[in-house]
Amino acid sequence: MNENIPLSDGNSIPNIGLGVFKMPAGETVELVKTAIRSGYRAVDTAAMYGNEEEVGEAVRASEDPIFVTTKLWHSDHGYDAALAAFDRGYAKLGLEQIDLCLIHWPAPARNLYVDTWNALIRLRDEGRVRSIGVSNFGVDQLERLVRETGVMPVVNQVELHPCFQQRALRAFHAEEGIATICWGPLGQGRELATPAIIEIAKKHARTPAQIVLRWHVETGLIPIPKSSNPARQAENIAIFEFALDADDHAAIAALDDPAGRFGPDPMLLGN
Ligand code: NAD
């Protein structure tokens, strides 16, 4: 079954979660509940996804503890704005404590992410959120947070999939004890037709999505695949009863392309 990965603040996070960006409105409560029944123990939402209420409703109905991540949007950068935005998300989720809150994007042109980070530090110190982290941050921005606040994020959630493996950033994360959460882990579905992935899938009698997600988990990464299809949700978490071998890892390592990003460049977004 899925395990937990320790975080540098003493907490821990499930090693796979459910992404809920663009889940059909009106179906999200039921889809999160089916995912929990399939074995997911973590859900990744954000203020920007507009579905924190639905996620909260499904999580509150679970008998098992579910790790909930949410994120603050660009328009909520700044100390006071971030505190107010957290309050809004907190009310929508309806949970006693949020497990993890992230700054969604650094929005460097706004130059407010250090103030936003100070707000998250306060919320953590007050016990309203267990762990705090960032998303789409680069090494320079992580270093600036520590230099100016003394607190390193415990996670950085970034675009990461076989064709964009972010090796330099991962090496920095490893040195600093930052856990790597991967958005777009399936390349938003596009990487499932990659011949090398299909070949490995045939060899193990698994699906391409299972191969890619198993690669993330074996690499120590935390994928948060999204699917609005209950059968695919179940497929995406049924990755704990087989293992990749060294040849599989070598074949996937060879897919890495430093220019393989398909999402926005974090240095340019949010201005
Ligand atoms: P993803 O790589 O998870 O791809 C999702 C798509 O892949 C689905 O819409 C579906 O078309 C396809 N898919 C899923 N399971 C499949 C299967 N078993 N077989 C075939 N196709 C399948 O991409 P994503 O949704 O962009 O990322 C996942 C989550 O990451 C999001 O839901 C969200 O929670 C988070 N996210 C965060 C950021 C950020 O800036 N922090 C950005 C984007 C997404």
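Residues numbered from 1 in each chain as written. Predicted model: local features only at pLDDT ≥ 70, side-chain atom pairs only at ≥ 80, totals over all residues. Heavy atoms only, no water.

Caption draft 1: The packing of helix α3 (residues 79-93) against helix α4 (residues 113-125), seen in detail. Where α3 meets α4, the closest approach of the two axes is 7 Å, and the angle between their N-to-C directions is 45°. Here α3 is positioned oblique relative to α4, judged by the angle of their axes. When the axes of α3 and α4 are compared, the crossing they make is right-handed. Judged by residue contacts, Tyr 79, Ala 82, Leu 83 and Phe 86 of α3 engage Asp 115, Thr 116, Asn 118, Ala 119, Arg 122 and Leu 123 from α4. Taken together, the residues of the contact of α3 with α4 break down into six nonpolar, two polar and two charged. (Axes fitted to C-alpha atoms, helices over the stretch in contact; angles between N-to-C directions. Helix = DSSP H or I, 4+ residues; strand = E, 2+ residues; numbered from the N terminus. Parallel < 35°, antiparallel > 145°, perpendicular 65-115°, else oblique. Left-handed = near helix turned anticlockwise from the far one by under 90°. Contact = heavy atoms within 4.5 Å. Nonpolar A, V, L, I, M, F, W, Y, C, P; charged D, E, K, R; others polar.)

Caption draft 2: Spotlight on the pairing of strand β7 (residues 129-135). Most of β7 is tucked away, with six of its seven residues classed as buried. The pairing of strand β6 (residues 98-103) with β7 spans five bridges and is classified as parallel. Across the sheet, residue Ile 98 finds its bridge partner in β7, namely Val 129. The sheet contact formed by β7 and strand β8 (residues 155-159) spans two bridges and is parallel. Bridge pairing in β8 links Ser 135 to Gln 157. Tracing the backbone out of β7, into helix α5 (residues 139-149) and back to the parallel element β8 gives a crossover that is right-handed. (Buried < 20%, exposed > 50% of the residue type's maximum accessible area, 1.4 Å probe, protein only. Pairing = 2+ DSSP bridges. Right-handed = clockwise from strand over helix to strand, strands pointing away.)

Interpretation in functional terms is not warranted from these geometric data alone.
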